[in-house]
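The residues making up each chain are set out below.
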Amino acid sequence: MSEERSLNFIEEIIEKDLKEGKHKEIHTRFPPEPNGYLHIGHASSICLNFGLAEKYNGTCNLRFDDTNPTTEETEYVDSIKYDVEWLGFKWNEELYTSDYFETLYGYAVILINKGLAYVDDSTAEEMGVQRGDTTKPGTNSPYRDRTIEENLQLFEDMRVGKYKDGEKVLRAKIDMAHPNLLMRDPVIYRIRHAHHHRTGDKWCIYPMYDFAHGQSDSIEHITHSICTLEFIHHRPLYDWLIEQLEIFPSKQYEFARRNLSYTVMSKRKLLQLVNEKHVASWDDPRMPTISGMRRRGYTPESIRNFADTIGIAKRENMVDLSLLEFNVRDHLNKIAKRVMVVLDPVKVVITNYPEGQTEELEVENNPEDENGGTRKVPFSREVWIEREDFMEDPPKKFFRLGPDKMVRLKGAYIIKADSFEKDADGNITEIHCTYFPDSKSGHDTSGLKAKGVMHWVSIPHAKTAEVRLYDRLFTVEDPSNEDGDFKDYINPDSLNVVSNAYIEPALVDASLEERYQFLRLGYFCLDKDSSPEKLIFNRTVTLKDSWAKEQKKG
RNA sequence: GGUCCUGUAAUGUAAUGGUUCGCAUAGCAGAUUUUGAAUCUGCUUGUUCAGGUUCGAAUCCUGACGGGACUGCCA
C-alpha cells in the first residue's frame, strides 16, 4: 500500500552500502553538545538520524559531545534527553564523549609514537600567524620537530597538570601548506583546568572536536556519521585521523541545516534573547526551541511531519513558516477538542428568550473525529460574542451579525439583530436580538438559512481565563541577515495577552495534554503556569482566515 | 586570490540520459460547509546562462554567473 517515496541522498548511500555488503547494519548517532537547548533545526537532525536507524533496522545512539567543560552543563543534558524522548525517539545507548577520554588519550599517544603529533609551545597568536590564510601557505612551528620521546614526556606532563591553560597544545603533524586550513597541523588537545560536568577534576587536558568526534564515531562503530554542511571541511581530517589510528572507518556525510523564516536558530542568538529578557525563558512559546514549541502546543507528530515535508539536501535554504504551520494545523485539526471562547466580548441580549431560562445544548467535540463524543454547553438569554462579529454598517460579504442580519449561534439558534446600544465614545455596548425557537441546532424546522455561524459563551455560565496570543518573534524573514543587530527586528507584537477571556464552563477541566480548537480563533493549549484559580491558554497557531484576506483586498 | 559545497515555481523537495519536469505548502478561482476552519475541484508560477557530448540533457563535460562555507586552544 505504501506509496513509492523517493530517497534522499543519504538514504541512497545507505541502500547502496547495504546492498553492496559494506555494512550489515547501520548505526547512526545524534551528537548534541550539552551547552544549550535543542531547537527546530536539531529536530530535523534528530528525525534524520533516528529515523534512518528505524527505517533500516539499525541503531541510533544519543551521544553528548562534551569536550569543552567551560560551556557544558547537566541541565542541558537533561533537557536534551527530554526533548528527544518527547519527539518520540528511543536511543540505543546514552553515551558521552567524556566516557572515551582515556581511550582518546591513548589514541593521541599512538599518533605521537607514529611521529604524527607534537607538543607545541606557541601561543594562540603565534599559531594564527603560522597558519597562514586562504591564499598563503602556513609555516612550520619551531616546535614541530621535537623527538617522539620529548613529545611523549611533554604530553604526559600536560596531562598531570604541569602547565597552565594555553601554555601548550598537542597538534597533529600534517601539512602546513595544505590548501585546507584545517589540515595545517590542527590542535587536537588543549589544556583546560576546569571542572567537567561528568569527569569532575580528573582531567585538565581535553580533546578538540576534531580529535573526539570522529574517534567517538569509530569507537561506537557508527557507519554513517551525519552532520551539517559547515563540517565538510573537516572531513579530510576526519578521514586522516581514522586512517592513521587504524580504527573502525566511520564515514561522515553532510547535509544543509534547515533555516526557518521569521526566527533565528543559532544557540548564541537564542541565548541572547533569553539573557536579555526579550523572551521569558528558553521555553518561551515564541522560541524556536523544542521546549518552546512544546509549550506553545506543537505536537511531536506535527514536528516530525514537518521534518519529513522539508526533507534534506545540501543547498542553502530558508523554509517558510507556513510549511510548519500547515503541519501543526493538519495534526491539530484531527485531534483538537472544539470549544467556544470569546476573546473580545460584546453582550448580546436575546429579547424574546425567557428570562432565567437555561438550556443544555449537546455539542460535538470534534467533527473530524467520529469517536470525539459530545459535551453539554449551557445557553441562556444573554451571551457574549466577539466584538468583531458585529458591524453597525457591514459590507455586502460580511456573513456575520449586523442590523437585521441573521446568523446562527453555533450549536444553538439562529438569531437576528434588532437594535444596539452605544456608550458616549461610540462603542457598541449591547446588541438586542430575537431568536427563532424552531431553529434549534439539530431540530431546525424553521426553514431559515443563515450564512454565518458564530461562536459565543453564555454570560451567566461563562468562566474567565488568560489567553496568550503569540505571533512570529521577528518582523523579517531572516533577521540574522539584515543590516544592524538581529534584535532590531524583534516583533513588538509577538505576544498579546488577553487577561479576561470568557470561556465555556467545560474548559475549567482543561488538561495540559489536551489540545483545543477555540472555534474560529485557532488552536490553543493550557500553559504549564496555569492553575485552577487562574487558567492560562497559549495560542499555538491561528486558523486560516480567508475573511481576513478578503478584508485586506479592500 | 586558495580550497570546498551548491544552483529546479514564491517556499521546501522529486526526477538517477528517455512522455508534457512530479509532489507538498503558499497564491488564485469555484464547490461544499451549523467553524469564512476542514474537505473537494480546477488554475497560475520553474530547470541561472552559454557552449559541447548524444537520436535524446534538469541530469554528463567545459566555461561563465549567482549563493554559501573555511583563516577559535568552540562544536
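Anyway, here's the lowdown on the structure attached to this text. This structure is a prediction, so every number in the text was calculated from the model and none was measured. (Residues numbered from 1 in each chain as written. Chains lettered and ligands numbered in written order. Predicted model: local features only at pLDDT ≥ 70, side-chain atom pairs only at ≥ 80, totals over all residues. Heavy atoms only, no water.)

**Considering the overall build of chain A**
- On a plain count of helices and strands, chain A comes out with 13 helices and 25 strands.
- C-alpha atoms of chain A, sized along the principal axes, occupy 100 × 55 × 45 Å.
- A buried classification covers 53% of the 554 residues belonging to chain A.
- Within chain A, contacts between residues at least 6 apart in sequence are counted, and of these 70% link residues at least 24 apart.
- A total of about 26,100 Å² of accessible surface is found on chain A, and carbon and sulfur atoms cover 47% of it.
- Looking at charge distribution, chain A has the averaged site of its 74 positive side-chain charges lying 3 Å from that of its 95 negative ones. (Helix = DSSP H or I, 4+ residues; strand = E, 2+ residues; numbered from the N terminus. Buried < 20%, exposed > 50% of the residue type's maximum accessible area, 1.4 Å probe, protein only. Contact = heavy atoms within 4.5 Å. Areas by Shrake-Rupley, 256 points an atom, 1.4 Å probe, with all protein chains shown as cover. Lys, Arg positive; Asp, Glu negative; His and termini not counted. Charge placed at Lys NZ, Arg CZ, Asp CG, Glu CD.)

**Considering the packing of helix α4 (residues 101–113) against helix α6 (residues 148–160)**
- Where α4 meets α6, the axes come as close as 9 Å, and the angle between the chain directions of the two elements is 160 degrees. Taken together, the axes of α4 and α6 lie roughly antiparallel to each other. The handedness of the crossing between α4 and α6 comes out as right-handed. Together, Glu102, Tyr105, Ala108, Val109, Ile112 and Asn113 of α4 and Ile148, Asn151, Leu152, Phe155, Glu156 and Arg159 of α6 make up the contact between the two elements.
- Classifying every residue of the contact of α4 with α6 by side-chain character gives seven nonpolar, two polar and three charged. (Axes fitted to C-alpha atoms, helices over the stretch in contact; angles between N-to-C directions. Parallel < 35°, antiparallel > 145°, perpendicular 65-115°, else oblique. Left-handed = near helix turned anticlockwise from the far one by under 90°. Nonpolar A, V, L, I, M, F, W, Y, C, P; charged D, E, K, R; others polar.)

**Examining the protein's contact with RNA strand B**
- Around RNA strand B lies a shell of 68 residues, among which Glu12, Thr135, Arg192, Arg338 and Ser441 are the nearest.
- At a separation of 2.9 Å, a base nitrogen of RNA strand B approaches a polar side-chain atom of arginine 400.
- Side-chain polar atom of arginine 520 to a phosphate oxygen of RNA strand B: 2.9 Å apart, as the coordinates give it.
- Elements that contribute at least two residues to the surface near RNA strand B include exactly α5 (124–131), β6 (187–191), α12 (321–335) and α13 (546–553).
- Looking at the surface near RNA strand B residue by residue, the class counts come to 24 nonpolar, 19 polar and 25 charged. (Near = heavy atom within 4 Å. Polar contact = N/O pair within 3.5 Å; in protein donor to acceptor, adjacent residues only side chain to side chain.)

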